[in-house]
Amino acid sequence: MSNINEEHLYQLLRRFNPWWNGAEAASMRLPAIRRRAFTEVLETIENPRLRRHAVISGPRRVGKTTTMKQVVAELLARGVPAGNILYVSFDNPLLKLAGFAEVLRAYEESTPHSGTCYYFLDEVQYADDWSLWLKDLYDQRPEIRAVATGSASPEIRRGMSDSGVGRWRNLRMPTMSFREYCTLTEVPLSLPSALPAVEELPAMPKADFTALMNALGGLTPHWNRYLQCGGFPELAFNPDIQECQQCMREDVVEKVLKRDIPALFEVRSPLQLERVFMHLCLASGDLVNYSTLCQDVEGMAKSTLQRYIGYLQDANLIHVSNPAGGTGKKMLKGNPKIYVADAGMRLACLSMPNVLEDAEQLGKSAEAAVYKHFHDAFARSARLGYARLGRRDKEVDIVADFPNGKRIACEVKYRHDATIGAAEAIRSLCAHEDTLAAFVATRGSADFGLDTRTKGAERPLVRIPASALCYLLG
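Residues numbered from 1 in each chain as written. Predicted model: local features only at pLDDT ≥ 70, side-chain atom pairs only at ≥ 80, totals over all residues. Heavy atoms only, no water.

Chemist: Report on the overall build of the protein chain, specifying residues and quantitative values.
Modeler: Helix and strand counts for the protein chain come out as 17 helices and 13 strands. Dimensions of the protein chain, computed from the C-alpha atoms along their principal axes, are close to 75 × 55 × 45 Å. The proportion of buried residues among the 474 residues of the protein chain is 56%. Contacts spanning at least 24 positions in sequence make up 73% of the contacts within the protein chain whose residues lie at least 6 apart. In the structure as shown, the protein chain presents an accessible area of about 20,600 Å², 47% of it carried by carbon and sulfur atoms. Each charge class in the protein chain can be summarised by its mean position, and for the 58 positive and 56 negative side chains these summaries are 5 Å apart. (Helix = DSSP H or I, 4+ residues; strand = E, 2+ residues; numbered from the N terminus. Buried < 20%, exposed > 50% of the residue type's maximum accessible area, 1.4 Å probe, protein only. Contact = heavy atoms within 4.5 Å. Areas by Shrake-Rupley, 256 points an atom, 1.4 Å probe, with all protein chains shown as cover. Lys, Arg positive; Asp, Glu negative; His and termini not counted. Charge placed at Lys NZ, Arg CZ, Asp CG, Glu CD.)

Chemist: Quick one: what's the story with the packing of helix H1 (residues 6-16) against helix H4 (residues 93-110), residue by residue and with numbers?
Modeler: With their axes 9 Å apart at the nearest point, H1 and H4 run at an angle of 85° to one another. Taken together, H1 and H4 sit at an angle that is classed as roughly perpendicular. Of H4, the residues touching H1 (which contributes Glu 6, His 8, Leu 9, Tyr 10, Leu 12, Leu 13 and Phe 16) are Leu 94, Leu 95, Ala 98, Glu 102, Val 103, Arg 105, Ala 106, Tyr 107, Glu 109 and Ser 110. The class makeup of the residues in the contact of H1 with H4 is eleven nonpolar, two polar and four charged. (Axes fitted to C-alpha atoms, helices over the stretch in contact; angles between N-to-C directions. Parallel < 35°, antiparallel > 145°, perpendicular 65-115°, else oblique. Nonpolar A, V, L, I, M, F, W, Y, C, P; charged D, E, K, R; others polar.)

Chemist: I'd like a description of the packing of aromatic side chains, backed by residues and values.
Modeler: Each aromatic ring pair is specified by the distance between its two centres and by the angle formed by the two planes. This structure, assessed with the given rule, holds 17 aromatic pairs. Between the aromatic rings of Phe 178 and Tyr 471, the centroid separation amounts to 6.4 Å while the plane-to-plane angle is 80°, which identifies the pairing as edge-to-face. Here Phe 178, found in helix H7 (residues 178-184), pairs with Tyr 471, found in helix H17 (residues 466-473); they are 293 residues apart in sequence, far enough to count as distant. Since its relative accessible area comes to 0%, Phe 178 is described here as buried. One aromatic cluster is present, formed by Phe 178, Tyr 181, Trp 223, Tyr 226 and Tyr 471 through successive ring pairs. Above the face of the Tyr 87 ring, Lys 69 is positioned so that its terminal group lies 5.2 Å from the ring centre. (Phe/Tyr/Trp six-rings, centres within 6.5 Å; stacked < 30°, edge-to-face > 60°. Lys NZ or Arg CZ within 6 Å of the ring centre and 35° of its normal.)

Chemist: Please give an account of helix H9 (residues 220-229) that cites residues and values.
Modeler: Within H9, seven of the ten residues are buried, which leaves the element mostly enclosed by the surrounding structure. Against the buried residues of H9 lie H7, helix H10 (241-264), helix H14 (343-349), helix H15 (359-378) and H17. Note on H9: the residue one or two positions beyond its end, Gly 230, has a positive phi of about 75°.

Chemist: Give a description of the nonpolar core that names residues and reports values.
Modeler: Soluble globular proteins: nonpolar side chains tend toward being buried together. Counting 93 residues, the largest nonpolar core has Phe 277, Phe 374 and Phe 439 as the members making the most contacts within it. Setting aside its immediate chain neighbours within four residues, Phe 374 contacts Ala 379, Leu 384, Ile 398, Ile 408, Cys 410, Phe 439, Leu 469 and Leu 473. Of all hydrophobic cores here, the second largest spans 55 residues; its members include Leu 12, Leu 76, Ile 85 and Leu 134. (Core = buried A, V, L, I, M, F, W, Y, C linked by side-chain atoms within 4.5 Å.)

Chemist: Mind laying out the sheet that holds strand S11 (residues 435-442), listing which residues take part and the relevant values?
Modeler: Strands belonging to one sheet form pairs held by backbone hydrogen bonds; the direction of such a pair is parallel or antiparallel. On the basis of which strands lie adjacent, the open sheet formed by eight strands has the order S7-S6-S8-S9-S10-S11-S13-S12 and mixed pairing. Two strands close off the open sheet at either side, each with one partner strand: strand S7 (337-340) and strand S12 (449-451). Here the average twist between neighbouring strands, direction ignored, is 30°. In terms of strand pairing, strand S10 (residues 407-412) meets S11 through six bridges, oriented parallel. Bridge pairing links Cys 410 to Phe 439 in S11. The sheet strands contacting H15 are strand S6 (318-323), S7, strand S8 (383-389), strand S9 (394-401), S10 and S11, and the helix crosses S10 at an angle near 165°. Its contacts with the sheet place H17 against S10, S11 and strand S13 (461-465), and it is angled at close to 100° to S13. (Pairing = 2+ DSSP bridges.)

Chemist: Now, about the environment of Ala 446: what can you tell me, with residues and values included?
Modeler: Note that Ala 446 resides in the loop between S11 and S12. Along the sequence, Ala 446 and Leu 389 sit 57 residues apart, while their C-alpha atoms lie 30 Å from each other.

Chemist: I'd like a rundown of the sheet that holds strand S1 (residues 53-57), residues and numbers included.
Modeler: Ordered in space as S2-S3-S4-S1-S5, the five strands form an open sheet in which the pairing is parallel. The outermost strands of the open sheet, each flanked by one partner alone, are strand S2 (85-89) and strand S5 (168-172). Recorded for the sheet is a direction-independent mean angle of 15° between the axes of neighbouring strands. Relative to strand S4 (residues 144-150), S1 is paired through four bridges, and the arrangement is parallel. The partner of Ala 54 across the bridge, within S4, is Val 147. Here helix H5 (residues 130-140) sits on the sheet in contact with S1, strand S3 (117-122), S4 and S5, set at roughly 130° to S5.

Chemist: So, the pairing of S9: which residues are in play, and what are the values?
Modeler: Taking burial as the measure, the eight residues of S9 include six buried ones, the bulk of the element. Across six bridges, the pairing between S8 and S9 is antiparallel. By the bridge assignment for S9, Leu 384 is matched with Ala 400. Bridging between S9 and S10 involves four bridges; their strand directions are antiparallel. For Ile 398, the partnering residue across the bridge sits in S10 and is Cys 410. Linking two consecutive strands that pair antiparallel, namely S9 and S10, is a turn of five residues; a positive phi of about 90° is found at Gly 405 within it.

Chemist: Before we move on, can you summarise the pattern of salt bridges with the specific residues and values?
Modeler: If you walk through the whole model with that rule in mind, you get 25 salt bridges. Across the pair Asp 451 and Arg 427 runs a salt bridge whose closest N-O atoms are separated by 2.9 Å. With Asp 451 in strand S12 and Arg 427 in helix H16 (residues 425-430), the pair connects residues that are 24 residues apart, well separated along the chain. As far as burial versus exposure is concerned, Asp 451 and Arg 427 are alike and both buried. Via salt bridges that share partners, Arg 34, Glu 46, Glu 74 and Arg 78 belong to a single interconnected network. (Salt bridge = Lys/Arg side-chain N within 4 Å of Asp/Glu carboxyl O.)

This is the structure:
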């Protein structure tokens, strides 16, 4: 029991749930764009055949709360009584102190409701015993449909493994894709009504492929800004790049590194954790040798470093890319490659508002963005990694290996005149019968083509601007 007055608690809940007071959904001023998680949440909580709670995990400021409120607005528009919808943010210190029991009692006793009810529980990992409460709601209250969000993925997954097996559906929400960014900012494009999937590009007639690339050719200035400001919705309209990067440092990275992770996990030195992350920002896309990195970060123990990298990955700040399975014996084992999960976040941490003038750093950020889009597109259906082939350790930046033995491969050559030599590793994968598509992501908007010169290849090597590739992947 907390010492919070019940009437005070109820009034706080009314402020979080303005629809109880007759407010229209339009008064929430929600953006028109609806991300994939919106549809996934509705499909989960409205499924008549399989009852599940929905849990959205993802970085701070990525739009999880907005998506929940869009679902609330949709339910109200469908005629769900306002009293049947409860929204709570456990990021609020008073609601966190009150806890599940008192919050639910205040709602149950003070708000008229009947039939199916919908609970929206924001930043649920800050509530004590949240997973047990959700389990109890599922088991004892079949009329309740719950949607929860959490910025700390490991805490969410641990709770799901402890109490949520067969009860919850975990929905991952990354930062916006480049295509979502273009939709939100209303970038004018004249495109076919049905865009091809990326694996369909090698089979496109040359004229159709050229027409599509020309239609996407005007994306370059928007792509440059996306690389610098990232995929955070509330920053999309801010014209000041330095201000955007400051917001990312303060509201996303510092809160996660200095508050969220230390609050939930065993981190003796948040400063040391921050230094590890900064080293990974600098080395984004490079092979990471854990022993060398331990020496660079104050002689840290390897086990501690691996644990910290796991925390950063689970907190949605980085992606870890391991050697892919690929073509069997020709694949070599190696160190992982680590990418910052959002290119704009990387540049913000490194304080690089003018990265367009630095070809090397721009290339690293572009590769991180391309990897993010492959990860978001295929991580649910394929094992993502990189490939190292043959005795000379020829490398392919990104490989998506599917369970049926097929793969999609991509090499990022973010420079002007991205020529591909005959001995490049991407050509070896392009010639392999199990490769569905092989891409070279280029920098220039006019640097594209279907290259049929690879010996023994059934499909052409697709040279495509990184901006166009990521738009199609999004």
